[in-house]
Amino acid sequence: LSNGAGQFHHDGEYVGSFDIPEGKISEKAISDIVVKVTFTPDKWSALSLTSEYYQGNLKFVVGGHAHVKIPSLGNYNFEAKFDDILVNVNDPSLDETRLCACPGWKKPGKGKKRKHSEGQLLLIE
C-alpha cells in the first residue's frame, strides 16, 4: 500500500485531509493502519461541526486514493479510488473495536474499550 491520501467534506466544503502511510499488510491478517488526519475548517465550520457532533448527527463525505500492489499475484498493482463515502461519525456501530489492536482504545489495565459520552470530546491525534 502506498501513496494513499484523501479529503473530508462537510456540507460540500473541504474541512480536512488524511494521509495513508506506506505499509505492508500481512496475508491472512487483520491489520490496523494509523492514518494521520488534519482538520482545517474555518471558525464557523468548526462551530457547526462541534454542534452537529453533540447533536449526534455529524456526517462527512470522504474520498481518496491509494496505490495497491499484491506480490503474491505477480506484483499485480492498481490504483484504488473511493469517492462520496458518507461517514456518520455518531453511528453506534462505529464503536466496534474488539478486533483493533490500538492500545489507546482500551482503558489501562482493564482491557475494555474507552467510551465517550455526552460532554466529552473525542480526541484524535
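Residues numbered from 1 in each chain as written. Predicted model: local features only at pLDDT ≥ 70, side-chain atom pairs only at ≥ 80, totals over all residues. Heavy atoms only, no water.

Draft legend 1. Examining helix α1 (residues 43-55) more closely. Counted at 1.5 Å a residue, the expected span for α1 with its 13 residues is 18 Å, and the 18 Å between its end C-alpha atoms agrees. For α1, the full list of buried residues reads S45, L49, E52 and Y53. Buried residues along α1 cover an arc of 105° about the axis, so they all sit on one side. For α1, the exposed residues lying more than 90 degrees away from the buried face are K43, W44, L47 and Q55. Close packing links the buried residues of α1 with β1 (2-10), β2 (13-20) and β4 (59-70). A positive phi of about 85° marks G56, the residue just after α1. (Helix = DSSP H or I, 4+ residues; strand = E, 2+ residues; numbered from the N terminus. Expected span 1.5 Å × (residues − 1). Buried < 20%, exposed > 50% of the residue type's maximum accessible area, 1.4 Å probe, protein only. Arc of directions from axis to C-beta. Contact = heavy atoms within 4.5 Å.)

Draft legend 2. A look at the nonpolar core. Listed in full, the 9 residues of the largest apolar core are F8, V15, F18, I20, L49, Y53, L58, F60 and V62. Among the elements of the structure, β2, α1 and β4 are those that each provide at least two residues to this core. Once residues within four sequence positions are removed from consideration, F18 is found in contact with A5, G6, Q7, F8, V35, K36, V37, V62, G63 and F82. (Core = buried A, V, L, I, M, F, W, Y, C linked by side-chain atoms within 4.5 Å.)

Draft legend 3. Spotlight on the packing of aromatic side chains. Taken as a whole, this structure holds 7 aromatic pairs when the rule is applied. Taking 5.5 Å as the distance between ring centres and 65° as the angle between the ring planes, the aromatic pair formed by F8 and F18 counts as edge-to-face. Placement of the pair is F8 in strand β1 and F18 in strand β2, with a sequence separation of 10 residues. Here the two residues F8 and F18 agree in accessibility, since each one is buried. Members of the aromatic cluster, joined through ring pairs, are F8, F18, F39, F60 and F82. (Phe/Tyr/Trp six-rings, centres within 6.5 Å; stacked < 30°, edge-to-face > 60°.)

Draft legend 4. Up close: the pairing of β4. In terms of strand pairing, β1 meets β4 through 6 bridges, oriented antiparallel. Note that in β4 the partner of G6 across the bridge is G64. In terms of strand pairing, β4 meets strand β5 (residues 76-88) through 11 bridges, oriented antiparallel. Along β5, the bridge assignment pairs G64 with F82. Taken together, β4 and the strand that follows it, β5, pair antiparallel across an intervening segment of 5 residues, in which G74 is found at a positive phi of about 65°. (Pairing = 2+ DSSP bridges.)

Draft legend 5. Examining the side chain of H67 more closely. Counting through the fold element by element, H67 comes out in strand β4. A polar contact of 2.7 Å, which involves the side chain of H67, links it to the side chain of E79. What H67 contacts, discounting residues up to four positions off in sequence, is L1, S2, N3, N77, F78 and E79. (Polar contact = N/O pair within 3.5 Å; in protein donor to acceptor, adjacent residues only side chain to side chain.)

Draft legend 6. Highlighting the environment of F78. Looking at where F78 falls in the secondary structure, it is placed in strand β5. It is 6.0 Å that separates the C-alpha atoms of F78 and H67, two residues lying 11 residues apart in sequence. Excluding its chain neighbours within four sequence positions, the residues that come into contact with F78 are A66, H67, V68 and I70.

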